[in-house]
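Breakdown of the fold
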Amino acid sequence: MLWEVLVAVALSWARIAAALAISVFAAVIVGIYSGISRRVDRIVIPILDVLQSVPILGFFPLAVFVLASAVPVLGYEIASIFLIFTCTFWNLAFAVYEGARSIPQSMIEVAELSKLSLKDRFGKIYVPAVFPKIVDQLPASLSNAFYFLAASEVIALGEAEVRVAGIGTLILRYLGMGNYTGIAIGLVATALSIIAAYLLVLMPLISYSDRYRFDIAQPPAVQRTPMIMGLYTRIKSIQSPLRMEQRRIAGLTHRVFPIQLVNIKYVGSDVKRLIFIVFIVVLLVFAGPRIYANIDDVWAAVASVAAAGVRLGILSIGEALAYSFSRVLICLALMLSISLPIAYIISEKPDVRNTLLPILQIIASLPSPLIFPIISGFFEGGIYSRELGAILLMSLGSVWYVFYSTLSGFNKVHGEYRELARLYRLSGFSKFRYIYLPFATPSIVTGLITATGGAWNTVIVAERLGEGGRIFEVQTPGLGKLMSVLAEMADTPGLVFTVIVMTVFVILVNRLLWRKLYDYSIRALRIHEQL
Amino acid sequence: MSNSEILLELRNVTHGYSLRAGSTLKVIENLNIQVRYGEFLGIVGPSGCGKSTILRIMAGLIKPLSGTVIFRGEVLNGTTPRISLMHQTPTLLPWLTVKENIYLALMARKDLTEREKQLKVSELLELVELSGYESAYPYELSGGMRQRVALARALVTDPDLLLLDEPFSNLDPLTSLSLIRELEGMWFDTTLPPISVVMVSHNIEEVVMLADRVIVLGGRPARILAEVPIELSRPRNKKSEEFYRLVDEIFSLIS
Ligand SMILES: Nc1ncnc2c1ncn2[C@@H]1O[C@H](COP(=O)(O)OP(=O)(O)O)[C@@H](O)[C@H]1O
Ligand SMILES: [Mg+2]
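Small disclaimer: the values here were computed from a predicted structure and weren't measured.

What to know about the sheet that holds strand β3 (residues 40-44) of chain B
Residue and element names in this part refer to chain B.
- If you walk across this open sheet you meet the six strands as β6-β7-β8-β3-β9-β10, and the pairing is mixed. Looking at strand neighbours, the two that pair on one side only are β6 (83-86) and β10 (223-229), the edges of this open sheet. Within this sheet the neighbouring strands show an average axis-to-axis angle of 15 degrees, counted without direction.
- In this structure, β6 lies alongside strand β7 (residues 161-165), joined through four bridges in parallel fashion. Looking at β7, one finds that L85 is bridged to L163.
- Where helix α1 (residues 51-59) meets the sheet, it contacts β3, β6, β7, β8 (196-201) and β9 (213-218), and its direction lies at approximately 155 degrees from that of β7.
- Most of the contacts of helix α4 (residues 143-155) go to β6, to which it runs at about 170 degrees, and overall it touches β6 and β7.

Quick look at the environment of A:L423
- Mapped onto the secondary structure, A:L423 falls in helix α19 (residues 415-423).
- For the pair A:L423 and A:R526, spaced 103 residues apart in the sequence, the C-alpha separation amounts to 24 Å.
- Setting aside anything within four residues of it in sequence, one finds A:L423 in contact with B:A59, B:L61, B:T79, B:I83, B:L85 and B:H87.

Focus: the packing of aromatic side chains
Residues and elements named next belong to chain A.
- The tally for this structure, following the rule as stated, stands at 16 aromatic pairs over all chains.
- Pairing F325 with F505 gives two aromatic rings, centres 5.1 Å apart and planes at 85 degrees, and the pair type is edge-to-face. Placement of F325 in helix α15 (residues 314-348) and of F505 in helix α22 (residues 492-524) is noted, with a sequence separation of 180 residues between them.
- Here the aromatic rings of Y344 and F410 are separated by 5.8 Å at their centres, their planes lie at 70 degrees, and the arrangement is edge-to-face.

Here we look at unusual backbone geometry
Residue and element names in this part refer to chain B.
- For the bond from R220 to P221, the omega torsion is -10 degrees, close enough to zero to count as cis.
- Here P221 lies in the loop between β9 and β10.
- With a phi angle near 50 degrees, R72 is a residue other than glycine that sits in the positive phi range.
- Relative to the helices and strands, R72 is located in the loop between β4 (66-71) and β5 (74-75).
- Phi angles above zero are rare outside glycine, and E129 is one such case at about 60 degrees.
- For E129, the location among the structural elements is in the loop between α3 (114-127) and α4.

As for the side chain of A:T503
All names here are of chain A.
- With respect to the secondary-structure elements, T503 resides in helix α22.
- Using a relative accessible area of 10% as the deciding quantity, one classes T503 as buried.
- Residues within four places of T503 in sequence aside, it is in contact with V50, S53, V54 and P55.

Things to note about the pairing of β3(B)
Residue and element names in this part refer to chain B.
- With five of five residues buried, β3 lies mostly within the body of the structure.
- Of the two faces of β3, the one lined by F40, G42 and V44 and the one lined by L41 and I43 are each fully buried.
- Sheet analysis places β3 next to β8, joined by five bridges and oriented parallel. Note on β8: the bridge partner recorded for G42 is M199.
- In this sheet, β9 lies alongside β3 in parallel orientation, the contact comprising four bridges. Looking across to β9, one finds that G42 is bridged to V214.

A short note on the confidence of the model for chain B
- On average, residues of chain B score 87 in pLDDT, and 96% of them reach the 70 mark or higher.
- Across the interface, the model reports ipTM at 0.89; the global pTM reads 0.77.

Topic: the packing of helix α2 (residues 38-53) of chain A against helix α4 (residues 74-101) of chain A
Residues and elements named next belong to chain A.
- It is at 11 Å that the axes of α2 and α4 come closest, and there the two elements cross at 150 degrees. Classified by the angle their axes make, α2 and α4 are roughly antiparallel. Remark: the crossing between α2 and α4 carries left-handed chirality. Contact residues: R38, D41, I45, L48, D49, L51 and Q52 in α2; F89, W90, A93, F94, Y97 and R101 in α4.
- Of the residues in the contact of α2 with α4, the class split is eight nonpolar, one polar and four charged.

Remarks on the sheet that holds strand β2 (residues 24-36) of chain B
All names here are of chain B.
- An order of β2-β1-β4-β5 is seen for the four strands of this open sheet, with the pairing classed as antiparallel. Taken across any chain shown, the strands that pair with only one partner, and hence form the sheet edges, are β2 and β5.
- In the sheet, strand β1 (residues 6-18) pairs with β2 via nine bridges, with the strands oriented antiparallel. Bridge assignment links G16 to a residue of β2, and that residue is K26.
- Contacts from α1 reach β1, β2 and β4 within the one sheet, and its direction differs from that of β1 by about 125 degrees.

Calculation criteria
- Residues numbered from 1 in each chain as written.
- Chains lettered and ligands numbered in written order.
- Predicted model: local features only at pLDDT ≥ 70, side-chain atom pairs only at ≥ 80, totals over all residues.
- Heavy atoms only, no water.
- Pairing = 2+ DSSP bridges.
- Helix = DSSP H or I, 4+ residues; strand = E, 2+ residues; numbered from the N terminus.
- Axes fitted to C-alpha atoms, helices over the stretch in contact; angles between N-to-C directions.
- Contact = heavy atoms within 4.5 Å.
- Phe/Tyr/Trp six-rings, centres within 6.5 Å; stacked < 30°, edge-to-face > 60°.
- Buried < 20%, exposed > 50% of the residue type's maximum accessible area, 1.4 Å probe, protein only.
- pLDDT = per-residue confidence, 0-100.
- Parallel < 35°, antiparallel > 145°, perpendicular 65-115°, else oblique.
- Left-handed = near helix turned anticlockwise from the far one by under 90°.
- Nonpolar A, V, L, I, M, F, W, Y, C, P; charged D, E, K, R; others polar.

Below, the structure is given as structure tokens:
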């Protein structure tokens, strides 16, 4: 059994590593081009924004398509990697985009004037700007990949269901058999492999990326190196000849954008929306002939999806949506109340940051949906504890987004502002209320926006999970529960209908609520570029 | 000089910052500086020589690696409302009005009533000639006005010692000249409580314009190259020959 587990862990990791590598590569290309070119920005970012809101189940049809067009056997693997990619790509792309956006226009102009080669431009401007952002997001991507581990290893093909070999499917099998020793061994092996990945790959990367990092303006006079980081000081000592340059660039960035604004100006601009529509029209014109050739199939598919909507009942879908949305909102409140104090403490004490952060990251990476069925006995007491269990599980899936954004928001309080609080001996509350919280609010709202998307995705897993006789589900309605049941019954039209409902709802809430809240917070805080 | 004349003293102060590779960069070494009661002390030195570091140590924001800071006869441990520091940049909070920004300095004070605090804020607003702007937000103000708000915030606590970190370096020459004049006016306003000032700058002229005594820093780690008393009568004339001679003398010490 041990051997079986180890092979499964290795297989899962191979897929995750491949998906991560593709994600980073694609994120660098897409993020940097959108970040520096207004034209690309207008087209790509809204598309990413929409795609990001599509739950992983929504990508199943595409995955199946990928499957069908690729070689047999390998096709399933490709489909699985594709599904993992849909869990790891978006946050990376947005992080790279944000990093590229924070490069001052003057830097880009200087590069243009001095005719810097593409290689130098990447090496001296883009990489320093986006590298730390990528490294910061890797844990989030990794934990997301593990969160949806089981989901991405089971590919539903209409009536049939294909399971690729991996630790996710193996644990599911053990769960169905009631083999708890197997599950325990599988989870421990997974946890150990994640810890190893942190120690051997991520920590050195984080440590290496510190040279490009200027968030914390005032490092302590003498930095004590915590044990866990001490292992990597040797890597740190590699001197980069570009360092002075990067320091200067970062200094510039800091001055020009004391508070980094994530650009979300594309919302609400008619011109940009028009360009987006034109893009869609062009796409239709190209895809049109092919669709037309199979027009009957298309109509049949559309009709069956619409019929599924009627069959399921708009009212009951609405009810499920309302229940799930309340869960999402409670989940956000929970994540925020956990993240604010911890992030605050970490940003105040860089020593704590270096020890606590890796531990939190490792915990965040554990595949909680697989751990949950085991401790679910805990939550079986009644309706409330099941609800609590589901909300807890959802929070575990996306708390990282909120936490990290909050932390990076607090880190934007640069040294002189921290000193103000000490000079005037402000109480902890005043310091938080008047200095830290306003500085971090834009970042926190951005984190909440991302986390809402994440929480919606986890709804599918959290409202109903398990295998065979061990099903753990909420007793009230929920859109995720509904989707999970539909997927199990291989009701593809019904599934597509609910995915569309969820996606549209998430996008609407984003546009009508979150973006407004973001704009409002920027205005209310009077954050202008000159500080 | 007898001890009773000294408000603040740095004794054998050494400080440095750790570099990323693990070694320590010494910025100042065995520095001894005395600030007398009621004195306007100027410290000049090239950029990056450690001036801001010295002010932070004087303010109790940084504990030096070695050496002690004596304030009013006692070892200084941490910040105190008796010492104010005005940063190189105005560091105003954009979400607070001018009045609220100044009030921030009094927020934690338990020895004043709310009324007294409000009164002090209004007083200071008047002093820096910003009455009428109390409800404005920092982004609505010019650079010089922001600097004056920062000055008001530093003074509202009635400090014994005011530390100024290059207060004019971010301003255009005309604005900085008018601000220098204002500061000079305040300095000689005998109706205000007496106060000692330490001003650091890399601009020799503005220091000679204001200071009673100038300490010239240089080298790495920085040490005191010279101490120059400025005995010109006030208000000082930038175009006078003695003024020019003093600026020249200090300039040749640095370069
Ligand atoms: N927090 C810090 N960490 C590392 N080095 C610092 C830090 N603050 C200042 N330094 C370095 O110490 C030297 C002196 O800085 P500073 O006191 O700001 O000089 P000045 O105010 O005279 O320009 C500079 O070389 C600067 O790079
Ligand atoms: Mg300085």
